[in-house]
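# A structural walkthrough
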Amino acid sequence: MATTTAPTHRPFAIAGTEIGSRLVMGTGGATHLLALEEALVASGTELTTVAMRRVAVRPGASTTDTGIWGLLDRLGIRALPNTAGCFSVREAVLTAQLAREACGTSWVKLEVIADDVSLLPDPIGLVEAAEQLVADGFVVLPYTNDDPILARRLEDVGCAAVMPLGAPIGSGLGILNPRNIEAIAAHAQVPVILDAGIGTASDAALAMELGCAGVLLATAVTRAEDPVGMARAMRLAVEAGHAARHAGRIPRREGALASSAPEGRLDLAL
């Protein structure tokens, strides 16, 4: 009997650190810590973003003693400080530096936002801030536009991953420009993590089928009617999309193609 071997592919690793789950969760939009904990466990995530400007740490307290930090520490989930809410290079760099001191990690999800209406990244400020943080020893994961040239520039300055948006933050519109996401994933030499715009499980599966190494989402789970159920669905969708990508889909055709060969067919005209 013939045997088949599944295609080999690289594990999900950022800056040399292997991460077991390709689903990265965010904490934004959670109504309370218990609901967030249940969703995080259901998602199977091993990396979760925390917006530094929206989480207060008591003076003199360890981050592991406070709210979300204690929760992530107890669950064994790596925290990824986020510069969400920063509208300038100076703000983003300072927030990242404060996060490193407070949280004891050089990893940062970098956001430099152009305005508070669209919440789209400022491409010029993003590259400048990324360059400064990489030079300062940070492992930088930038939230970026779905622009292949910008993604390449961020990789060139030393970012450990690139995180293009699928659609505006919190919109739930899915992947508006799949061709650009596929182009970014095809040429990047670092992991590509789809960030923002995910609305449901099929969006997450599509991101993986387009070649992304992972998916980051928050409000799609935290603001779902059933956050735990949606977290579980997202976990399965990311796994299924990744498996499908590496299984090799059939080519697209303009016309039909019978699934059964015509040989051996009875000729009823005889």
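Reading the values: rules and limits
Residues numbered from 1 in each chain as written. Predicted model: local features only at pLDDT ≥ 70, side-chain atom pairs only at ≥ 80, totals over all residues. Heavy atoms only, no water. Core = buried A, V, L, I, M, F, W, Y, C linked by side-chain atoms within 4.5 Å. Buried < 20%, exposed > 50% of the residue type's maximum accessible area, 1.4 Å probe, protein only. Helix = DSSP H or I, 4+ residues; strand = E, 2+ residues; numbered from the N terminus. Contact = heavy atoms within 4.5 Å. Salt bridge = Lys/Arg side-chain N within 4 Å of Asp/Glu carboxyl O.

## Details of the nonpolar core
Formed by 61 residues in total, the largest nonpolar core has its most connected members in Leu110 and Met234. Tallying contributions element by element places helix 3 (residues 89–103) first for this core, with six residues. For Met234, the residues in contact, after removing those within four places along its chain, are Leu23, Ile198, Gly199, Thr200, Ala201, Ala204, Leu217, Ala220 and Val221.

## As for the pattern of salt bridges
Inspection of the entire model under this criterion finds five salt bridges. Residue Asp136 is joined to Arg100 by a salt bridge in which the shortest nitrogen-to-oxygen separation is 2.8 Å. A residue pair is termed long-range when its members are at least 10 positions apart, and Asp136 in the loop between helix 4 (123–135) and strand 7 (139–144) and Arg100 in helix 3 qualify at 36 residues. The residue Arg235 makes a salt bridge to Glu239 at a minimum N-O spacing of 3.8 Å. Here Arg235 and its partner Glu239 are both found in helix 9 (residues 227–247), four residues apart, which amounts to about one turn of the helix. With relative accessibility at 34%, the residue Arg235 sits in the partly exposed group. Take Glu239: its relative accessible area is 46%, and that puts it in the partly exposed class. Ionic contacts of the salt-bridge type, sharing partners, join the residues Lys109, Glu111 and Asp195 into one network.

By themselves, these are just geometric observations and shouldn't be taken as functional.
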